[in-house]
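Residue strings, one per chain:
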Amino acid sequence: MAFELIWEQRGVYRRYFGDVTIAERKRSFERICADPRFDDLRYTITDYLNVDSYEITDEATEEIAALHVGPLQSNPSILITAVVTDDRIIAAIRYFIALKFTEQPYEIFPALDGARSWIAAARARYVPPPPRPGRRV
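Figured I'd write up the structure that's included with this text. Just so it is clear, the model here is predicted, and its values are computed rather than measured.

### Considerations on the pairing of strand 5 (residues 106-109)
- One ladder, built from four bridges, connects strand 4 (residues 79-83) with strand 5; its direction is parallel. Looking across to strand 5, one finds that Val 83 is bridged to Phe 109.
- Traced from strand 4 through helix 3 (residues 87-98) to strand 5, the parallel crossover comes out right-handed.

So this is what it looks like as structure tokens:
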């Protein structure tokens, strides 16, 4: 397994390391969404700084972006951050954002302290999208 999940108060810190496959990316996402703490989640930090190789395809990015729709409709209060310096991963994240499957703020930082500072400031002012019928918040 090329990832670890560290649950924090109202957030999750996901750290990828080594050789990361598309299947592992999906598995980490599924574990976050299936966790009972998901409904209380207010931010995610995904750290890519220790990745050696990262399997990327446009199709996988599109699929993973589409997988975010349901969970982020049931919990629209999540702020999303990535800590990354690898240009290929940054390009994949920018593609994910450009697909506009989600309305949540998503920011990229080269260091963890930048991500944490942004989350602290953004949580103070972020107003999630209004609930859609049948959606719990």
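Let's pick the thread back up.
### Thoughts on the environment of Phe 96
- By the element assignment, Phe 96 lies in helix 3.
- Overall, Phe 96 belongs to the buried group, its relative accessible area being 10%.
- The contacts of Phe 96, once residues within four sequence positions are left out, are Thr 61, Ile 64, Ala 65, His 68 and Tyr 106.

### Side note on the nonpolar core
- One finds Tyr 48, Val 51, Val 84, Ile 89, Ile 93 and Tyr 106 to be the most contacted residues of the largest nonpolar core, which totals 23 residues.
- Only strand 2 (11-20), strand 3 (43-54), helix 2 (58-74), strand 4 and helix 3 provide two or more residues apiece to this core.
- The dominant element in this core, judged by the number of residues it contributes, is helix 3, at four residues.
- When sequence neighbours within four positions are dropped, the list of residues in contact with Tyr 106 reads Tyr 48, Ile 80, Thr 81, Ala 82, Ile 93, Phe 96 and Ile 97.
- Core analysis: the next-biggest nonpolar cluster, separate from the first, contains 10 residues, Tyr 13, Ile 45, Phe 109 and Trp 118 among them.

Cut-off values and rules
Residues numbered from 1 in each chain as written. Predicted model: local features only at pLDDT ≥ 70, side-chain atom pairs only at ≥ 80, totals over all residues. Heavy atoms only, no water. Pairing = 2+ DSSP bridges. Helix = DSSP H or I, 4+ residues; strand = E, 2+ residues; numbered from the N terminus. Right-handed = clockwise from strand over helix to strand, strands pointing away. Buried < 20%, exposed > 50% of the residue type's maximum accessible area, 1.4 Å probe, protein only. Contact = heavy atoms within 4.5 Å. Core = buried A, V, L, I, M, F, W, Y, C linked by side-chain atoms within 4.5 Å.

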